[in-house]
Amino acid sequence: MSTPLNLRFLRSGTRLDQLPPTAGEVAFVGRSNVGKSSLLNAIGGRKALAHVSKTPGRTQLLNTFALGPDRPESEPGPTLMDCPGYGYAKTSKAVRQSWGPMIESYLLGREDLRMVLVLVDGEIGPTPLDRQMLDWLRANTLPHTVVATKHDKVKSAKRAKRKKDLAEACDLEPGDVVWVSAAKNVNIDRLRELVRMWVDL
Ligand code: GDP
């Protein structure tokens, strides 16, 4: 098993100029409840950390974490951005309207953004909002990878078909999608390795 990524919360913000500098960043996006916090905790290894992003006041912010060996804040290193979840039914209209511009300006303007991980619920497949996110990333030629969560929730007899269907619904080949389970530790090592590769750790 590979070692955890050593995630340390750095700062929250809504605008590019509020974010800490980075030497290479991987962003996590996905709808609320897709399993983003569970996945960050799984790859980060230290349980409580991703819950930072779930504390009141931070759920609608861009939350930056440092990755890899400890270093002084004056020395930028690799980072991970936990982007606020989209599509939460109870979100107010004002929040829904500000989410788009915030996330778009972050994704388009962040220097050294190496990869956008689009989390899709493996049990239910991409929602219209997930499809919209993928279309937008493609239209802007931003590097992205689909990560299907909750692999353990798909019965083994249905997995092959589900993998094919989910990939197709995302306009991808099955081999392009990284299937993970935070609950059952499926492909967590693989995802850690990919993140390390993307940020040169
Ligand atoms: P977030 O809103 O995207 O941060 O999602 P959470 O990490 O809070 O997870 C949402 C729900 O899905 C919670 O009830 C989790 O326990 C559940 N969940 C997350 N990851 C997994 C997984 O790998 N397997 C299963 N079975 N449930 C999961």
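## Concerning the site of the ligand
Phase 1: For the ligand, the set of nearby residues contains 14 residues, the closest of which are N33, S37, S38, K54 and D152.
Phase 2: Separating an oxygen atom of the ligand from a side-chain N or O atom of S181 is a distance of 3.4 Å.
Phase 3: Here the ligand, which alone exposes 580 Å², has 72% of that area covered by the protein.

## A word on the pairing of strand β2 (residues 25–30)
One face of the sheet, then the other: side chains in a regular strand alternate in exactly this way.
Phase 1: Taking burial as the measure, the 6 residues of β2 include 6 buried ones, the bulk of the element.
Phase 2: In β2, alternate side chains face the same way, and those of E25, A27 and V29 on one face and V26, F28 and G30 on the other are all buried.
Phase 3: Strand direction decides the pairing type here: β2 and strand β4 (residues 79–82), joined by 4 bridges, are parallel. Residue pairing in the sheet places A27 in a bridge with M81 of β4.

## A short note on helix α5 (residues 188–198)
Phase 1: All of the buried residues along α5 are I188, L191, R192, L194, V195, R196 and W198.
Phase 2: Lining the buried residues of α5 we find β2, α1 (36–44), β5 (113–121), β6 (144–149) and β7 (178–179).
Phase 3: At the C-terminal side of α5, D200 shows a positive phi close to 60°.

## Overview of the sheet that holds strand β3 (residues 62–66)
Phase 1: Taken together, the 7 strands give an open sheet; going across it, the order is β1-β3-β4-β2-β5-β6-β7, and neighbouring strands pair in mixed fashion. For this open sheet the edge positions go to β1 (8–13) and β7, each flanked by a neighbour on one side alone.
Phase 2: Sheet topology places β2 next to β5; 6 bridges connect them, and they run parallel. Among the inter-strand pairings, F28 is bridged to a residue of β5, identified as L117.

## Section: the state of the cysteines
Phase 1: A complete count under the given rule lists 0 disulfides for this structure.
Phase 2: Free cysteine: C83, not disulfide-bonded; nearest cysteine sulfur from C170 at 18 Å.
Phase 3: The exposure class of C170 is buried, given its relative accessible area of 0%.

## Some details on unusual backbone geometry
Phase 1: One non-glycine residue, D171, lies in the positive phi region at around 55°.
Phase 2: Within the secondary structure, D171 sits in the loop between α4 (159–169) and β7.
Phase 3: The exposure class of D171 is exposed, given its relative accessible area of 52%.
Phase 4: The backbone of D200 shows a phi angle near 60°, a positive value even though the residue is not glycine.
Phase 5: In this fold, D200 is placed in the segment after α5.
Phase 6: Judged by relative accessible area, D200 falls into the exposed class, the value being 61%.

## Description of the packing of aromatic side chains
The description of an aromatic ring pair rests on the distance of the ring centres and on the angle between the ring planes.
Phase 1: The full count for this structure, using the stated rule, is 2 aromatic pairs.
Phase 2: Taking 5.6 Å as the distance between ring centres and 65° as the angle between the ring planes, the aromatic pair formed by F9 and F65 counts as edge-to-face. Remark: F65 occurs in strand β3 and F9 occurs in strand β1; sequence separation between them is 56 residues.
Phase 3: For F9, a relative accessible area of 24% gives the class partly exposed.

Cut-offs and rules
- All residue numbers here refer to positions counted from 1 along the written sequence of the relevant chain.
- Restriction of local features to residues with pLDDT of at least 70 applies here, the model being predicted, together with a cutoff of 80 or more for giving and counting side-chain atom pairs; totals for whole chains, interfaces and linings are based on all residues.
- To get the side-chain values, all heavy atoms of the structure are used, and hydrogens and water are removed first.
- Throughout this document, a residue counts as near a molecule or strand when at least one of its heavy atoms sits within 4 Å of that molecule or strand.
- Any pair of nitrogen or oxygen atoms within 3.5 Å is treated as a polar contact; in protein, a donor-acceptor pairing is required on top of that, and neighbouring residues in sequence qualify only through side-chain atoms on both sides.
- A 1.4 Å probe and the Shrake-Rupley method give the accessible areas. Residues count as covered only by the protein chains that appear here.
- Per-residue accessibility, obtained with a 1.4 Å probe over protein chains only, is compared with the maximum for each type, and a residue is labelled buried under 20%, exposed over 50%, and partly exposed between these values.
- Every helix listed is a DSSP run of H or I at least four residues long, and every strand listed is a run of E at least two residues long, numbered separately from the N terminus.
- At least two bridges found by DSSP between two strands is the condition for calling them paired.
- Residue contacts are defined here by distance: any two heavy atoms, one from each residue, within 4.5 Å place the two residues in contact.
- Cysteine sulfur atoms are paired as a disulfide whenever they come within 2.5 Å of each other.
- Stacked, edge-to-face and tilted are the three classes for Phe, Tyr and Trp ring pairs, Trp counted by its six-membered ring, which pair at centre distances within 6.5 Å; planes under 30 degrees apart are stacked, over 60 edge-to-face, the rest tilted.

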